[in-house]
Amino acid sequence: MAKKYDRLNRPLTDLRISVTDRCNLRCAYCMPADSNPCFLSKEKLLSVREIERAVSAMYAFEIEKVRITGGEPCLRTDLPDIIKVIRNIGIQDIALTTNGILLEDKLPRLKAAGLRRLNISLDALDDALFQKITGMNISNQVVLSSIFAAERLGFEVKINMVVIRGQNEREILPMVEFFKEKGIQLRFIEYMDAGCMNDWKMEKVVSKKEIYDFISRFYDLQPVTQKTYGEVAKRYMYTDNGSQVGFISSVTEAFCSSCTRARLSSNGIFYNCLFAESGLDISKVLKYGSIQEIRDQISAYWTQRADRYSEERNPLVSRKKIEMSYIGG
Ligand code: SAM
Ligand code: SF4
Ligand code: SF4
């Protein structure tokens, strides 16, 4: 067992696995309703066994955290099996990022499989606006119902909100007040230039500073010390009731220097960075190779990593960009 460090001395401690590139929503900032996404065929998706082998191989690098994401991971009927095999390997910290639409009925099985943490995406309490952003006629009451059911079952729940200028800034305060009152951590994620389908522009990014300053007009915020090295969210506590709010400022205050995250796409490509132009295809070795072979390939790839896209971001330079729903947000 030994940690693997890249060329910038960042250990590989965190793996994000996209278990499907498909989704039941069409969020404007990810996979807009008028885009024409090209999905992987079902037989290309990693099986439970292949996911288990990937995590087993990386366990020797002392990875601490695995996040299951997508696309929409709840579209996979074998999601509890995926959680269970990862848990059985010995990973204690397993989290799931989901839009919450298909979540509620699955919660008891996910809990029994060993899942404890959920990040649920919700960009508006105003239902008409929610449906406009997500491009579907599905009410946000379904998501809220999943959130409350998860709370009742004892999951640690965080809410992800992407704020886009001209779209949902007016939801910042209602969301803050709603989740502050409930004691659920709301996390503001800056709108990122991921993929090619969303027509990202810097002017549409509402920065952490803007949101922080706005919230501070209503509530007193106190910084909270980071729990772990490489934690992406900067957290603050509302001094009046102790609830927390977080900011993921990937665009305006990039955190590449402590980025310990690798990504595995749903068809078995290993990526060193969310914005990588290419990755390492481990699909064959996941099917047919030994665990040691998988480990050796990943180790060689991570140890030559020097990616720091967000710190170097230059919107004037055009790059091939991978969709967030494919690589896993
Ligand atoms: N479908 C699930 C969901 O929405 O939670 C999981 C996958 S989604 C790609 C993961 C997270 O990425 C979500 O919280 C979503 O809001 C966020 N996301 C997607 N596109 C984004 C973008 N362009 N900028 C910032 N966050 C984005
Ligand atoms: Fe689907 Fe999540 Fe992308 Fe929205 S952000 S389209 S829910 S993958
Ligand atoms: Fe990590 Fe790449 Fe994001 Fe920087 S841009 S924080 S290296 S994933």
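Residues numbered from 1 in each chain as written. Chains lettered and ligands numbered in written order. Predicted model: local features only at pLDDT ≥ 70, side-chain atom pairs only at ≥ 80, totals over all residues. Heavy atoms only, no water.

Draft legend 1. Here's a closer look at the overall build of the protein. A tally of regular secondary structure across the protein gives 11 helices and 12 strands. In the protein, buried positions account for 55% of the 329 residues. Relative to all contacts within the protein whose residues are 6 or more apart in sequence, the contacts with residues 24 or more apart total 72%. With an accessible surface of roughly 14200 Å², the protein has 50% of that area assigned to carbon and sulfur atoms. Taken as two groups, the 48 positive and 42 negative side-chain charges of the protein have centres that lie 3 Å from each other. (Helix = DSSP H or I, 4+ residues; strand = E, 2+ residues; numbered from the N terminus. Buried < 20%, exposed > 50% of the residue type's maximum accessible area, 1.4 Å probe, protein only. Contact = heavy atoms within 4.5 Å. Areas by Shrake-Rupley, 256 points an atom, 1.4 Å probe, with all protein chains shown as cover. Lys, Arg positive; Asp, Glu negative; His and termini not counted. Charge placed at Lys NZ, Arg CZ, Asp CG, Glu CD.)

Draft legend 2. Highlighting the site of ligand 3. Residues in close proximity to ligand 3 include F255, C256, C259, R261, R263, C273, L274, F275, R305, D307, Y309 and S310, which together make up its full environment. For the shell around ligand 3, the secondary structure elements donating two or more residues are β10 (261–264) and α10 (309–312). Residues of the shell around ligand 3, tallied by class, amount to seven nonpolar, one polar and four charged. (Near = heavy atom within 4 Å. Nonpolar A, V, L, I, M, F, W, Y, C, P; charged D, E, K, R; others polar.)

Draft legend 3. How the structure looks around the pairing of strand β5 (residues 156–163). The buried count for β5 comes to seven of eight residues, which makes it a mostly enclosed element. In this structure, strand β4 (residues 117–121) lies alongside β5, joined through five bridges in parallel fashion. Along β5, the bridge assignment pairs R117 with E156. In this fold, β5 hands off to helix α6 (residues 172–182), which returns the chain to strand β6 (residues 185–190); that crossover is right-handed. (Pairing = 2+ DSSP bridges. Right-handed = clockwise from strand over helix to strand, strands pointing away.)

Draft legend 4. Quick peek at the sheet that holds β4. Read across the open sheet, the 12 strands follow the order β7-β8-β9-β6-β5-β4-β3-β2-β1-β10-β11-β12; overall the sheet is mixed. Among the strands making up the open sheet, the edge pair consists of β7 (221–223) and β12 (280–281). Here β5 runs beside β6; their pairing, made up of six bridges, is parallel. Residue pairing in the sheet places I159 in a bridge with L186 of β6.

Draft legend 5. Geometry of the site of ligand 2. Taken together, the residues surrounding ligand 2 are C23, L25, C27, Y29, C30, G71 and N99. The class makeup of the residues in the shell around ligand 2 is five nonpolar, two polar and no charged.

Draft legend 6. Summary view of α6. Buried residues of α6: I172, L173, M175, V176, F179 and K180, and no others. Taken down its axis, α6 places every buried residue within 160° of arc, on the same side. The inward-facing, buried residues of α6 contact α5 (140–152), β5, β6, α7 (208–216) and β8 (234–238). Just downstream of α6, G183 is the residue with a positive phi angle, here 70°. (Arc of directions from axis to C-beta.)

Draft legend 7. Layout of unusual backbone geometry. The phi angle at N9 is positive, at roughly 65°, despite the residue not being glycine. The residue N9 is located in the segment before β1 (14–18) in this model. We note that D199 has phi near 55°; this positive angle belongs to a residue other than glycine. For D199, a relative accessible area of 47% gives the class partly exposed.

Draft legend 8. Highlighting the packing of helix α1 (residues 48–59) against helix α2 (residues 79–89). Relative orientation of the contacting elements α1 and α2 amounts to 25°, with a least axis distance of 9 Å. The angle between α1 and α2 falls in the class roughly parallel. As α1 packs across α2, the resulting crossing turns out to be right-handed. Where α1 abuts α2, its residues V48, I51, E52, V55, S56 and Y59 lie against D81, I82, V85, I86 and I89. Of the residues that constitute the contact of α1 with α2, the class distribution is eight nonpolar, one polar and two charged. (Axes fitted to C-alpha atoms, helices over the stretch in contact; angles between N-to-C directions. Parallel < 35°, antiparallel > 145°, perpendicular 65-115°, else oblique. Left-handed = near helix turned anticlockwise from the far one by under 90°.)

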